[in-house]
Amino acid sequence: MPTNEREKIRHLLVIKDLQGQRTIPLQEATYSLGRDSRNAIVLRSRSVSRQHAILLRVTVPETDQYGFRIIDGSFKGKRSTNGLFLNGAKCFSADLKHGDVIDFGNHQVQAKYYALSNILEQAFSESCTAEDISRLILEQANPANPFETLSFPLDSTLEGASEVALARLASFPELIPNPIIEMDLEGSVTYLNPAAAFKFPNLRESGQQHPILAGLLTAVQNDKESSFVREVEVGKEVFEQSIHYLAESDLIRTFITREITEQKQAEAELRQRDRLLQAVAEATNYLLAELNYQTAIDKALAVLGEAAKADRVYLCESRPHPVTGKMALSLRCEWTCSNHEPSLHHWQNQPDQACGLARWNTSLESGNSISGLTQEFPTAERELLTQCGIQSLLLVPLRLDEKFWGYLGLADCSSQRQWSRHEESTLLTMAASISGAKQRQQVEEKIRYQALHDLLTELPNRLLFGELLSNALPNADRSRESLAVIFLDLDRFKTINDTLGHTLGDHLLKSVATRLRDALRAGDTVARWGGDEFTILLPRIHQVEEVVHVARRILQAFESAFYLEGHELYVSASLGIALFNEDSPDAETLIKHADAALYQAKDAGRNNYQFYTASLGAKTPNLLTIEKSLRHALEREELVLYYQPRVNIATRSITGMEALLRWQHPEMGLVAPNVFIPLAEESGLIIPIGEWVLRTACEQNKAWQEAGLPQLTMAVNLSPKQFRQPNLVETVAMILNQTGLEPHFLELEVTETTAIEDLDFTKTVLQKLENMGVHLSIDDFGTGHSSLSRLQLLPLHNLKIDRSFIQNLTTDVKVAHIVKAIVALGTSLGLRLTAEGVEKEEELEFLQSINCEDVQGFLFYRPLSAQKATEVLLNGGS
């Protein structure tokens, strides 16, 4: 039996006819010979019948070899005219042997049959010339040619066989292209047709160990049916096998009805695709439902790896190298099956240009996948993969906002696996889901960061500071340590912010945040509480001196100037400190007490630090409670206006009223303006409150006019923040229109400090108000370190001298000279002068002597309620 390609026997038929000699390799199961052109082998001679003979392939008994039998006549049983001769003797049928000569009746056409071994298929197919045939025959001249020793049993029944017998012979199992095998109940192979011998060359040798025969005896004995069908796998091929038990012959006959390898592969691919699709759905659910990103990725990779039947699943990210700063790949997550160890250490901080990974990055960044067997990769890459025991690899890119950020990969360490298009498609889908989960994680982290950090300074905000403080307290309690909370406020920041603008103020706050961070110890936390206020947490405090040291270092950090946008700014800070102890046992109390100590530092002259004490807490007003109540004061109608008359010195008559805001709190009583007005200004509540004041004052003045009382000018103060509102002029016009008050009965007062912060802006706003007909006044003149020469640029009507000058008017000669100069210059500029805070007759006499026109103060009237003011006006100002 042949064991390799060279040992196969090749069959040739050399034909000589009237047109010459030709060689025909016999590779089919049957041939027809004759002069008709439709024959498989055409014999070119008129003496040859149309279909002269049949050449039929037959199996040599007890072997896997086959030979050829020649039969006189056609498939229908009609014999030739001139007969068939073999080696000179006439015959009807004969099994051919090597060297046999066939004569087709009249010696015009002859054929010689050869069976050759030790020749390759390629040479056999191409050996068609006479010279090649002669050479091959000489090479095979050894009389021990194994085929020559093969013998066929005599079949005398062929002589004189009928037409039906010949047709039956032509359809004999020898001609069927499907393998047919017979086995007896002893397990011995009794018959193989040529198709079986060709398809399964070692079947007879393997016997029942061969997959085609394995288990047949047991199946026949256990199965009550005489026939059944099964699938059998031979190597990588799958066949459908039909088995019949022939009880009368004690034989098992099996037919290979069809090869179903492609069908089974398609079915396996469909099952694998379904598994992969289910894995994608399950993994996507983890990525959507799992709050922890790392946990979600771990679960998703595990599901993918099991579904793909991979040995490893990789998720690598492209990140800056910790040393060089250049982009490098690092293994972010890895899943391995139970039979393989993780390979994390091989894939950390691999530079793009190292280990041949540059090709990977170039391909993946372009959106392409990388797939193949390790042995097919370039040398550098192959060495890296071999270190991890990887035999085949599939990588797809991870992209986020169209940018490459890593890759997702499957690895097989057990076999040289060719990855399917379904696996690549699944991996791409999974990569998209993972990128989506990463994007969601980044958004959530950004949202959380924004929720817990101040966006301007990037410091923790009050919410995060509260969490950190609450977490630090139990540790301090258990370790018998202490901690400190510092409340810090910038001194006079508002002046800088209002004078130089909010943009520069923001830059200053960022610079302050940087200096504070640099001044603290490792482990300390600084947070922006709001506005220009900062809170600082000092954990692990053993001695008060540690806190003092930090506080001094913070104050020193503000000693040098801030250089911002061409400005040289000097800013100091006030610090309030509360220690974790019996007086301040929780987070809320610590912050409250640090805030109270801060106000003590402010009162002590600013630019210093103060520790909270119990006695300090009793004296400090609860400003947080006041601010909270102030937010509801308008809607609860707790705000009221008082009116202080302005009196002409010469006539003693009332020439105007100034509206003064008061807060009548239901529990705290009448809250002083100097307490709640700064809070309203800082919180922004001054805007709606100021609008309410303006409207109420105009309504009151209009009501007095309609009641027939003297027509007076109503003065209303504008806060700095209110004055800088872009819609101030429109708001004033709207209120005058709604209340029906004529503009020249309204006088708007702006403090000197507010007016000189931005003269161009002030001039523009005041000009619009003057064009409307509103009277304009500078309040608190003398406190802003300006000059009348600067104020003369503004369209003003009145000038109010600050009460601080009037209080020292009769006791300080310098002050008297200043007031006299103010009145003289104001008069020369056409301004009407009003002195505030007049309480003594001698003050009035001096003011009258220098021709000051109007006064306000307790000497004539205190601030009056609307009812009292009405009564005064009804009585003619008495």
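Residues numbered from 1 in each chain as written. Predicted model: local features only at pLDDT ≥ 70, side-chain atom pairs only at ≥ 80, totals over all residues. Heavy atoms only, no water.

Undergrad: What exactly am I supposed to notice about the packing of helix 13 (residues 493-500) against helix 14 (residues 502-519) here?
TA: Helix packing geometry: the angle between the two helix axes and the distance between the axes. Contact geometry for helix 13 and helix 14: axes closest at 6 Å, N-to-C directions at 140°. In terms of orientation, helix 13 lies oblique with respect to helix 14. On helix 14, the residues touching Phe493, Ile496, Asn497 and Leu500 of helix 13 are His502, Leu504, Gly505, Leu508 and Leu509. Within the contact of helix 13 with helix 14, the residues separate by chemical class into 6 nonpolar, 3 polar and no charged. (Axes fitted to C-alpha atoms, helices over the stretch in contact; angles between N-to-C directions. Helix = DSSP H or I, 4+ residues; strand = E, 2+ residues; numbered from the N terminus. Parallel < 35°, antiparallel > 145°, perpendicular 65-115°, else oblique. Contact = heavy atoms within 4.5 Å. Nonpolar A, V, L, I, M, F, W, Y, C, P; charged D, E, K, R; others polar.)

Undergrad: Would you mind showing me how to read the environment of Asn475 here?
TA: Along the chain, Asn475 turns up in helix 12 (residues 462-478). Spatially, the C-alpha atom of Asn475 lies 9.1 Å from that of Pro539, the residues being 64 residues apart in sequence.

Undergrad: Explain unusual backbone geometry to me, please; I cannot follow it from the model alone.
TA: Trans is the common state for peptide bonds, and a negative phi is the common state for residues other than glycine. Even without being a glycine, Glu458 presents a positive backbone phi close to 65°. Relative to the assigned elements, Glu458 resides in the loop between helix 11 (421-452) and helix 12. A relative accessible area of 54% means that Glu458 is categorised as exposed. The backbone of Asn851 sits at a positive phi, close to 70°, despite the residue not being glycine. Here Asn851 lies in the loop between helix 28 (841-849) and strand 38 (854-855). Taking relative accessible area as the criterion, Asn851 reaches 60% and is therefore assigned exposed. (Buried < 20%, exposed > 50% of the residue type's maximum accessible area, 1.4 Å probe, protein only.)

Undergrad: Where do I start with the pairing of strand 5 (residues 53-59) in this structure?
TA: Every other side chain in a regular strand lies on the same face of the sheet, so the side chains alternate between the two faces. In terms of burial, strand 5 is a largely internal element, 7 of the 7 residues being buried. Burial along strand 5 is two-sided: Ala53, Leu55, Arg57 and Thr59 and Ile54, Leu56 and Val58, pointing in opposite directions, are all buried. Looking at chain direction, strand 3 (residues 30-34) and strand 5 are connected through 4 bridges and run antiparallel. Note that in strand 5 the partner of Tyr31 across the bridge is Leu55. (Pairing = 2+ DSSP bridges.)

Undergrad: Teacher, can you tell me more about the sheet that holds strand 16 (residues 251-259) here?
TA: Two strands in a sheet stick together by hydrogen bonds in their backbones, pointing the same way (parallel) or opposite ways (antiparallel). Strands sit in the order 13-12-16-15-14 across an open sheet of 5 strands; the sheet is antiparallel. The sheet terminates laterally at strand 13 (189-192) and strand 14 (227-234), the two strands that pair on one side only. When the angles between neighbouring strand axes are averaged without regard to direction, this sheet yields 25°. By the bridge criterion, 8 bridges tie strand 15 (residues 237-246) to strand 16 in an arrangement that is antiparallel. Across the sheet, the residue bridging to Phe239 is Glu259, located in strand 16.

Undergrad: Help me out: how do you make sense of the sheet that holds strand 28 (residues 573-579) in this one?
TA: On the basis of which strands lie adjacent, the open sheet formed by 5 strands has the order 24-25-23-28-29 and mixed pairing. Where the open sheet ends on each side, the last strands, each with one partner, are strand 24 (525-530) and strand 29 (609-611). Ignoring strand direction, the axes of neighbouring strands in this sheet form an average angle of 20°. Pairing of strand 23 (residues 482-490) with strand 25 (residues 533-541) involves 7 bridges; the strand directions are antiparallel. Bridging from a neighbouring strand, Ser482 pairs with Ile541 of strand 25.

Undergrad: Looking at this structure, I do not really get the state of the cysteines. What am I missing?
TA: Each disulfide is one covalent bond, formed between the sulfur atoms of two cysteines. For the structure on display, the rule yields 0 disulfides. Of the cysteine sulfurs around Cys333, a residue in no disulfide, the closest is that of Cys316, at 9.4 Å. Judged by relative accessible area, Cys333 falls into the buried class, the value being 4%. (Disulfide = S-S within 2.5 Å.)

Undergrad: Please clarify how the packing of helix 22 (residues 728-739) against helix 24 (residues 759-772) should be interpreted in this entry.
TA: Between helix 22 and helix 24, whose axes approach to 10 Å, the crossing angle comes to 20°. Compared by their axis directions, helix 22 and helix 24 come out roughly parallel. The hand of the helix 22/helix 24 crossing is right-handed. Each of Leu728, Val729, Val732, Ala733 and Leu736 in helix 22 lies in contact with helix 24, whose residues at this interface are Val765, Lys768, Leu769 and Met772. For the contact of helix 22 with helix 24, the residue count by class is 8 nonpolar, no polar and 1 charged. (Left-handed = near helix turned anticlockwise from the far one by under 90°.)

Undergrad: Please explain the pattern of salt bridges as it appears in this structure.
TA: Pairs can form between side chains of opposite charge once their charged atoms are near each other. One pass over the structure, following the stated rule, counts 27 salt bridges. Salt-bridge contacts for Arg38 lead to Asp36; the nearest nitrogen and oxygen are separated by 3.1 Å. The class for Arg38 is exposed, based on a relative accessible area of 74%. Residue Asp36 is classed as buried on the basis of its relative accessible area of 13%. Measuring nitrogen to oxygen at the nearest pair gives 2.7 Å for the salt bridge that ties Arg359 to Glu381. Of this pair, Arg359 sits in helix 9 (residues 357-365) while Glu381 is found in helix 10 (residues 379-387), placing the two residues 22 residues apart along the sequence. A relative accessible area of 3% means that Glu381 is categorised as buried. (Salt bridge = Lys/Arg side-chain N within 4 Å of Asp/Glu carboxyl O.)

Undergrad: Whenever I open this one, the nonpolar core confuses me. Can you help?
TA: Proteins that are soluble and globular tend to have nonpolar side chains buried together. Core analysis: the biggest nonpolar cluster contains 75 residues, and Leu630, Val716, Val732, Leu746, Leu748, Val819 and Leu847 have the highest contact counts within it. Of the residues forming this core, the biggest block, 7 residues, is contributed by helix 20 (residues 686-706). If sequence neighbours within four positions are ignored, Leu746 has contacts with Leu694, Cys698, Thr713, Met714, Val716, Val732, Leu736, Val774 and His775. (Core = buried A, V, L, I, M, F, W, Y, C linked by side-chain atoms within 4.5 Å.)

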